[in-house]
Amino acid sequence: MSLFASRHPNLKVVAEAGPIIIGEGNIIEEMAVITNRLPPGAPEPATVPVQIIGNYNVFETDCTCEAFKVGDNNILECKAFVGREIELTNGCVIGASCSLTQPDTIPENTVIYGSQYQRREMYDKPYAPISQLEFLLKVLPNYHFILKPNVKPSINEGRT
């Protein structure tokens, strides 16, 4: 996981069925849920399912992501739900309160929006949220307690 750890209200990252790999530069807002768990009553799989989340994704307030594969530069808006059988490629936007539960691979640069979950393709690729990250890195230390590691790396660590 990248950046830093801070105390965030009701953010949940649940890795019950297997590990979750989160790339760099992701923004995960309050009450967001990222989960890797088996459905109730499902048998234990032969291999451990790994959930992979790419770089520079934005998980807005109260969204839920259970997808095993999430590419780069995606946005899950407020109260969006992405089920475990969905694969998000790159540059997708899942609109506010949209729920994707049927198995599907969402093509690159697709926007899903509205109560009927309409789809359209964006003409331009979305920008990575670099300006948001820079702002948060500047402002968060003033308002949030940032956890720092207790152990300092040793100079001779890893040498034999």
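Procedures and definitions
- Residues numbered from 1 in each chain as written.
- Predicted model: local features only at pLDDT ≥ 70, side-chain atom pairs only at ≥ 80, totals over all residues.
- Heavy atoms only, no water.
- Helix = DSSP H or I, 4+ residues; strand = E, 2+ residues; numbered from the N terminus.
- Buried < 20%, exposed > 50% of the residue type's maximum accessible area, 1.4 Å probe, protein only.
- Contact = heavy atoms within 4.5 Å.
- Areas by Shrake-Rupley, 256 points an atom, 1.4 Å probe, with all protein chains shown as cover.
- Patch = residues over 30% accessible without salt bridge, like charges linked within 9 Å, V, L, I, M, F, W, Y side chains within 5 Å.
- Salt bridge = Lys/Arg side-chain N within 4 Å of Asp/Glu carboxyl O.
- pLDDT = per-residue confidence, 0-100.

### Examining the overall build of the chain
Check the secondary structure of the chain and you find 1 helix and 18 strands. Across the 160 residues of the chain, 34% fall into the buried class. Residue pairs at least 24 apart in sequence account for 29% of intrachain contacts in the chain once pairs closer than 6 positions are excluded. For the chain, the exposed surface amounts to about 10400 Å²; the carbon and sulfur share of it is 54%.

### Some words on a nonpolar patch on the surface
Taken together, I21, V50 and I52 make up a surface patch of nonpolar side chains, about 230 Å² in accessible area. You can see I21 is positioned in strand β3 (residues 20-22). I21 sits in the partly exposed class, given a relative accessible area of 46%.

### So, the confidence of the model for the chain
Put simply, the chain has an average pLDDT of 85, and 84% of its residues get 70 or more. Predicted confidence is poor over residues 1-7, with pLDDT under 50, and the contacts of this stretch with residues over four places away or in other chains come to 17 contacts.

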